[in-house]
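Results of the structural survey
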Amino acid sequence: MAQGQIRKALSGYYYVYDGHQLIQCRGRGVFRNRGESPLVGDIVEYSLETEGSDGTIQKILERQNELVRPPIANIDQGILVFSVKEPNFNTILLDRFLVVLESFHVHPIICLTKMDLLENNEHEELQRYIADYENMGYTVLQTYKDEEELVERLQPILKGKTTVLAGQSGVGKSTLLNTLIPELNLKTGIISQSLGRGKHTTRHVELIEVCDGLLADTPGFSSFDFDEIEKEELGACFPEMIRVADHCKFRGCLHMKEPKCAVKASVETGEIRDYRYKHYEQFMQEIMDRKPRY
């Protein structure tokens, strides 16, 4: 049985790359019966009835991980693209994205665009946030319009990795992709002043070879939700909380109302930033208010 990776899914077809060619395939009906669906990024076994014919995906091999929205599997890292202006930098939205990637064991990288639009006082404030996220252990890339060294800076990050590119519409994702792969010539989004977000035109998920790695552009969305995260798992999605959680008095501490909580103590001392803890509380409430699944 031939083996390859799904590089694109479009209009009911899966395009499988086997190291030599891209094969247009359909999925077996048994996948629908089982409630399964092949995803871009899946390693699959496929068959061909005759040379040059469409293939049939016979088996999906075990996944390293998968994202629900966007639907993509076997991701090593996620570059979260956030503009610092137009739309303005938003820590709670960034933290939502970070938490979901952490929950799926996808390594997050923060990419800030439009740095050249900042005034001096805005630049100083943003640098404080950048220092916070770097202290948490995140890589933060600062990018500028028409930056000549951008591809050179991104190459070692992308090399040998499967990377998902995600973020709000209108933050410069298409511009970033155009810089990495000029032949794509993607239409850049036009900012809607009334909505404060862009009109994204990406229609499907596709893995593209770039910088000796694979890069996935994803359809535009405004936020991730927490449908797949349980309240006991949320703390593990905040790296700075993991560092101190073992010192909580109670095992399984949710860091909310429990006494002698090391996380809350670290918020008091400033070791954990107050805004991060407030976001944690908000996300926890959202998870606890979620309707139970049956």
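Residues numbered from 1 in each chain as written. Predicted model: local features only at pLDDT ≥ 70, side-chain atom pairs only at ≥ 80, totals over all residues. Heavy atoms only, no water.

In the annotation of an unreviewed UniProt entry, the entry for the protein reads Small ribosomal subunit biogenesis GTPase RsgA, and the organism field reads Lysinibacillus fusiformis. You can read under Subcellular location (unreviewed entry) in the UniProt record for the protein the words "Cytoplasm". As stated in UniProt under Sequence similarities (unreviewed entry), the record for the protein gives "Belongs to the TRAFAC class YlqF/YawG GTPase family. RsgA subfamily." (UniProt positions renumbered as here; feature names shortened; annotations may be inferred.)

**Notes on the packing of helix α4 (residues 150-158) against helix α5 (residues 173-180)**
Contact geometry of α4 with α5 gives a least axis separation of 10 Å together with a crossing angle of 90°. Classed by the angle they form, the pair α4 and α5 counts as roughly perpendicular. On α5, the residues touching L150, V151, L154 and L158 of α4 are L176, T179 and L180. When its residues are assigned to classes, the contact of α4 with α5 shows six nonpolar, one polar and no charged. (Axes fitted to C-alpha atoms, helices over the stretch in contact; angles between N-to-C directions. Helix = DSSP H or I, 4+ residues; strand = E, 2+ residues; numbered from the N terminus. Parallel < 35°, antiparallel > 145°, perpendicular 65-115°, else oblique. Contact = heavy atoms within 4.5 Å. Nonpolar A, V, L, I, M, F, W, Y, C, P; charged D, E, K, R; others polar.)

**What to know about the nonpolar core**
L112 and Y133 are the most contacted members of the largest nonpolar core, which totals 64 residues. With seven residues, the single largest contributor to this core is helix α2 (residues 91-103). Look past the residues within four positions of L112 in its chain and what remains in contact with it is F82, V84, F89, L126, I130, V140, L141, Q142 and T143. If you look at the next biggest cluster of nonpolar residues, it comprises 19 residues, including L154, L180, V210 and C211. (Core = buried A, V, L, I, M, F, W, Y, C linked by side-chain atoms within 4.5 Å. Buried < 20%, exposed > 50% of the residue type's maximum accessible area, 1.4 Å probe, protein only.)

**Describing the side chain of D95**
Mapped onto the fold, D95 is located in helix α2. The exposure class of D95 is buried, given its relative accessible area of 0%. Aside from chain neighbours lying at most four places away, what touches D95 is Y133, R276, H279 and F283.

**So, the environment of G41**
Tracing the sequence through the fold places G41 in the loop between α1 (29-34) and β4 (43-48). What makes G41 buried here is its relative accessible area of 1%. The sequence separation of G41 and A73 amounts to 32 residues, and the corresponding C-alpha distance is 4.8 Å. In contact with G41, not counting residues within four places along its chain, are Q5, I6, A73, N74 and L207.

**Brief notes about helix α8 (residues 274-289)**
Every α-helical turn comprises 3.6 residues, leaving residues that sit three or four positions apart pointing alike. Counted at 1.5 Å a residue, the expected span for α8 with its 16 residues is 22 Å, and the 23 Å between its end C-alpha atoms agrees. Turning to α8, its buried residues number three or more, namely Y275, R276, Y277, H279, Y280, F283, M284 and I287. Where α8 is buried, its residues contact α2, α3 (120-135), α6 (239-245) and α7 (262-269). (Expected span 1.5 Å × (residues − 1).)

**Concerning the side chain of R96**
Its location among the elements puts R96 in helix α2. The class for R96 is buried, based on a relative accessible area of 12%.

**So, a negative patch on the surface**
Taken together, the side chains of D116, D146, E148, E149 and E152 make up a negatively charged region of the molecular surface. Mapped onto the elements, E148 comes out in the loop between β10 (139-142) and α4. Since its relative accessible area comes to 74%, E148 is described here as exposed. (Patch = residues over 30% accessible without salt bridge, like charges linked within 9 Å, V, L, I, M, F, W, Y side chains within 5 Å. Areas by Shrake-Rupley, 256 points an atom, 1.4 Å probe, with all protein chains shown as cover. Salt bridge = Lys/Arg side-chain N within 4 Å of Asp/Glu carboxyl O. Lys, Arg positive; Asp, Glu negative; His and termini not counted. Charge placed at Lys NZ, Arg CZ, Asp CG, Glu CD.)

**A word on the pattern of salt bridges**
Taken as a whole and assessed by the stated rule, the structure comprises 13 salt bridges. With a closest N to O distance of 2.7 Å, R63 and D42 form a salt bridge. Linking R63 in the loop between β5 (55-60) and β6 (66-67) with D42 in the loop between α1 and β4, this pair joins segments that are 21 residues apart in sequence. Accessibility expressed as a relative area gives 0% for D42, which makes it buried. K278 is the partner of D274 in a salt bridge, and the nearest nitrogen-oxygen pair spans 3.1 Å. In this pair, D274 and K278 are both assigned in helix α8, four residues apart and thus about one turn of the helix distant. Look at D274 and you get partly exposed, because its relative accessible area is 41%. Of the residues examined, K278 reaches a relative accessible area of 48% and is grouped as partly exposed.

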